[in-house]
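Coordinate analysis (summary)
Here are the chains, one letter per residue:
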Amino acid sequence: MAAPINARRAALLGSPTLQWVALLLLCAAYLQGGINKAANLQGAVAEMQHFGLSPALPFAIAVIVLELGASAMILANIQRWLGALALALFTLAATFMANRFWEVAGPERFMAENAFFEHLGLAGGFLLVAWHDWNTRRGDRTP
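One structure accompanies this document, and this report is about it. Since the structure is predicted, the reported quantities are computational estimates derived from the model, not experimental observations.

How each quantity is defined
- Residues numbered from 1 in each chain as written.
- Predicted model: local features only at pLDDT ≥ 70, side-chain atom pairs only at ≥ 80, totals over all residues.
- Heavy atoms only, no water.
- Buried < 20%, exposed > 50% of the residue type's maximum accessible area, 1.4 Å probe, protein only.
- Helix = DSSP H or I, 4+ residues; strand = E, 2+ residues; numbered from the N terminus.
- Arc of directions from axis to C-beta.
- Contact = heavy atoms within 4.5 Å.
- Salt bridge = Lys/Arg side-chain N within 4 Å of Asp/Glu carboxyl O.

**Side note on helix α3 (residues 41–50)**
- Of all the positions in α3, only Ala44, Val45 and Met48 are classed as buried. An end-on view of α3 places all buried positions within 100 degrees of arc, on one side of the element. Facing away from the buried side of α3 by more than 90 degrees, the exposed set consists of Gln42, Gln49 and His50.
- On its buried side, α3 packs onto α2 (16–39) and α4 (56–76).

**With respect to the pattern of salt bridges**
- One pass over the full model with this rule turns up four salt bridges.
- The salt bridge partner of Lys37 is Glu67, with a shortest N-O separation of 3.6 Å. You can see Lys37 sitting in helix α2 and its partner Glu67 sitting in helix α4, a full 30 residues away along the chain.
- Relative accessible area serves as the criterion here: at 13%, Lys37 is assigned to the buried category.
- Glu67 gets classed as buried once you look at its relative accessible area, which sits at 5%.
- The shortest N-O distance in the salt bridge between Arg100 and Glu103 comes to 2.7 Å.
- Judged by its relative accessible area of 34%, Arg100 falls in the partly exposed class.
- Counted as one network, the salt bridges with shared partners bring together Lys37, Glu47 and Glu67.

This is the structure in structure tokens:
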């Protein structure tokens, strides 16, 4: 009786729909961020200025294109490894720029430190997606 249950679990965990939903969840913050920045370009420019990026408008446009484009690549399985690698590198760079917990004191430090390590986890998730896709494309399915 245990075998059919395990077979059903394996089928569920291996289903393309579940895998796509997992990728959607991983990309959700970047889709939301890109859409919000595109809808409020002035706010996106202000965000770039806040982080000292100049000229702010081209940086804002580049971030919108990166967040939406790389997410689309991942979800549509178009060079998924490349989109995932791009978001991993972007996330690492943005994390060191925006969540500098070592420069913060008091209760804000706790929140900044949590955000820093959460973003490291996101970057790791994207690296796993890139690694898996790259190996799948090469035909190497070993972990």
